[in-house]
Amino acid sequence: MQLGFLVDLHLCMGCKGCEIACKVENEVPLSTWRLRVKYVDVGTFPETKRTFTPLRCNHCENAPCERICPVSALHYLDNGIVNIDKERCIGCAGCVMACPYGAIYIDPQTQTADKCTYCAHRVASSMMPACVVACPVQANIFGDLDDPTSNISKYIQSNQGNVQVRKPEKGTNPHHYYVGGGNVTLNPLASQRIEGHSLFNKITTLPVGGHH
Amino acid sequence: MAAHEILAATNAVVTLDVALPGTVWPWLVTVNMWAKSIGTGVIFMLFMLLKRYPDQVGKLRFPTIVASIIFIHIFLLFTLADLHQPLRMWHIFFYPHITSAITVGAWMATAFVGLLFLLAFLSFVKKDNAAFDKILPWVVALAIPVTLYTAGLMSQCTARELWQMPTESAQMIFAALLSGSAFMLLLGGGKLNWDAQKSLANILALSAFMSFVLYMSEYIFGPMKAEEVAAVLEYIKGDGPYTSMFWIGQWVAYLLPMLLIVISRVSKSESILKLAAILALAGLWVVKHVWLMIPQLLPMS
C-alpha cells in the first residue's frame, strides 16, 4: 500500500476549510500550520485572478526529513506515510532545514518537530484525513496509489499530462500531486512577495524557545 | 524575491501564505561550526609542527590539547543549546539513525573528545611524549571526519540548494586549516622559531586563498546552475540584507590576512602575523554566519 494525496486546483476555492479541520483534528497550536492554503494573485487589474494552493507534507518516497533525522523520530509507516514520533524528537530542526517544501515546523508547545501525517491516526481507523472530509468541493482526493481502482489512481489516469508535483528536481518523489497546477502555484520563485501586501499582515508568531 | 525569475506577464504576487517563521538554525550553529574548526584545526597543526619542527613543539603538546578540548566543548555546548529538547540528547546514542550526518557526527565527536582527554592525560599526568606521538595520528585521522560531518549535514538539507557537498567539505577543511594555523600562531608564537611561524602563516594564507576562491566561484558561477542558488545569492548582492556582512567577512577572514602575511614576510614581524591570525579567526565567524543565514531567508513555498 502506498497512500497518496491529490489536489485538483481547478476545484479548490480557497475556503480554508481544510486548514481549519486540520487545526482542530490535530490540535495544531497558534502560529503553526500542518496544512495551509497559499493565495497568489495573478495578472494586472482588471484582468486578474486569484489562485489557491493547499500546501502540506508531500510524504516523499525519498524523504530528506527521514534521512536527516538523527533519532528516527521521522519514519515511514507501512502504508507509505512519513510519520513523526514527537516523544523521540530532540528538536534539532534538521528536518525543518531539509524539507524543500517548508512543511515541517517546531511546535511551540512541545518544542518538537511536527507536520502533516495524512491524519495517520484516522487512517489507522479506516477514516479519511480531516481535510478530505472538510473539503466542500472534493478537491482533496486521498487513497492508495498502488491500487489502480482507487479514486486517486483513477484521477491521475484521467488527468494524464496535467498532474504535477512540487519541486520534482529535488528527487524526493513526492506522493502528493496537483492537477491544474502551474509555475505560479507550485514554484515559490515564480511570484513576488511584497512586504505589506498580504491579506494577513500581522500574524502572531509564538516563540519556539531559546534564541530561535 | 528573485525578481529575475518572475514573469512580468503573469504579475504574480503572493497575497496569503503563512510561511513558517524564518531562521531555524540561528547564530548558535555558527558558533558550533566556528569552534569546531578551531578545535580540529589545532590538532592538524600540532601534527604538522611535530613532524616538521619536533624540537620546537615539545612544550606545545599539552596547551594545544587543552585548546582543542575547550573549543570542542564550546562546539558541543552550542550544539546542545541549539536543540529544542536538549535533555533528549541521549536519544542520539540510544535511538541512532545512521543515515543522518548528525548521528554520525555525534558519535565521532564523542570518540574525538575521549581521545583528546587521553592525550591530555598522557601529556600532563604521565608525561609520556612517545605514547602521545603514537596516538596523535589516530586523533588527526578522526579530526578529519569530525570537521567534515557538518558539510554532510548541510548537504543533507535538500531544501538549501546553496549547500553542496563537495564545496562544503572543501570549505570545512579549509576553515579548519585557517583557524588552526591562526590559533597556533597566537598560542605558540613566542615558543616557535621564525621558520615554524612561516609554515603556519603559509598554511593560513593558502587556506584563506582557497576559501576565497571557492566563495567567489560560488558567487559568480552558482547562479548559472540553479535558480534557487541565484535567488539565495541575491541576499549578498546589490542592496541585499547580507551584502555588507558577506564582504566584511571575505575581507577580514581572507583578503586582509593574506595581505598581512605577505607584509610580515617582508618585515619579519611577528605582530603582523598575530594580527592576521586574529582577523582570520574573527572573519571566519562572519563568513560562516552569512553562509548559514542566507539560504534560510528563501521561502520554501
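Scroll up to find the structure this text is about.
Residues numbered from 1 in each chain as written. Chains lettered and ligands numbered in written order. Predicted model: local features only at pLDDT ≥ 70, side-chain atom pairs only at ≥ 80, totals over all residues. Heavy atoms only, no water.

**What about the pattern of salt bridges?**
- Enumeration over the complete set of coordinates arrives at 12 salt bridges over all chains.
- As a salt-bridge pair, A:D114 and A:R34 come within 3.0 Å of each other at their nearest N and O atoms. One end of the pair, A:D114, is in strand β7 (residues 112-114); the other, A:R34, is in the loop between α1 (17-26) and β2 (36-44), and 80 residues separate them in sequence.
- By relative accessible area, which is 2% here, A:D114 ends up buried.
- Using a relative accessible area of 10% as the deciding quantity, one classes A:R34 as buried.
- B:K198 is the salt-bridge partner of B:D195, the closest N and O atoms lying 3.8 Å from each other. On the criterion of helical spacing, the pair formed by B:D195 and B:K198 is a turn pair, its members being three residues apart in helix α8 (residues 194-221).
- Its relative accessible area of 44% is what places B:D195 among the partly exposed residues.
- Via salt bridges that share partners, A:R34, A:K86, A:D107 and A:D114 belong to a single interconnected network. (Salt bridge = Lys/Arg side-chain N within 4 Å of Asp/Glu carboxyl O. Helix = DSSP H or I, 4+ residues; strand = E, 2+ residues; numbered from the N terminus. Buried < 20%, exposed > 50% of the residue type's maximum accessible area, 1.4 Å probe, protein only.)

**A short note on the interface of chain A and chain B**
- Each side of the interface is counted separately: chain A has 67 residues, and chain B has 53 residues.
- Across the chain A-chain B interface, the total number found is four salt bridges.
- Across the pair A:R36 and B:D17 runs a salt bridge, and its minimum N-O distance is 2.8 Å.
- At the boundary of chain A and chain B, one finds 35 residue pairs in polar contact (both at pLDDT 80 or more).
- Considering every element that reaches the side of chain A that touches chain B, the biggest residue donor is β2(A), with nine residues.
- A class-by-class count of the residues in the side of chain A that touches chain B yields 34 nonpolar, 18 polar and 15 charged.
- Bridge analysis of β2(A) against strand β1 (residues 13-16) of chain B gives three bridges, and the strand direction is antiparallel. The residue bridging A:Y39 from the neighbouring strand is B:L16, located in β1(B). (Contact = heavy atoms within 4.5 Å. Polar contact = N/O pair within 3.5 Å; in protein donor to acceptor, adjacent residues only side chain to side chain. Nonpolar A, V, L, I, M, F, W, Y, C, P; charged D, E, K, R; others polar. Pairing = 2+ DSSP bridges.)

**Digging into the pairing of strand β10 (residues 176-179) of chain A**
Residue and element names in this part refer to chain A.
- Neither face of β10 is left uncovered, since the one carrying H176 and Y178 and the one carrying Y177 and V179 both have all their residues buried.
- Bridge count for strand β1 (residues 3-8) against β10 is four bridges, and the pairing is parallel. Bridge pairing links F5 to H176 in β10.
- Pairing of strand β9 (residues 163-164) with β10, which is carried by two bridges, proceeds in the antiparallel orientation. Counted as the bridge partner of Q164 is Y178 from β10.

**Overview of the sheet that holds strand β3 (residues 47-55) of chain A**
- Strand order in the open sheet made by the three strands is β3(A)-β2(A)-β1(B), with antiparallel pairing throughout. Whereas interior strands pair on both sides, the edge strands pair on one side only; in this sheet they are β3 of chain A together with β1 of chain B. Here the strands of the sheet are splayed against their neighbours by 30 degrees on average, with no regard to which way each runs. (Axes fitted to C-alpha atoms, helices over the stretch in contact; angles between N-to-C directions.)

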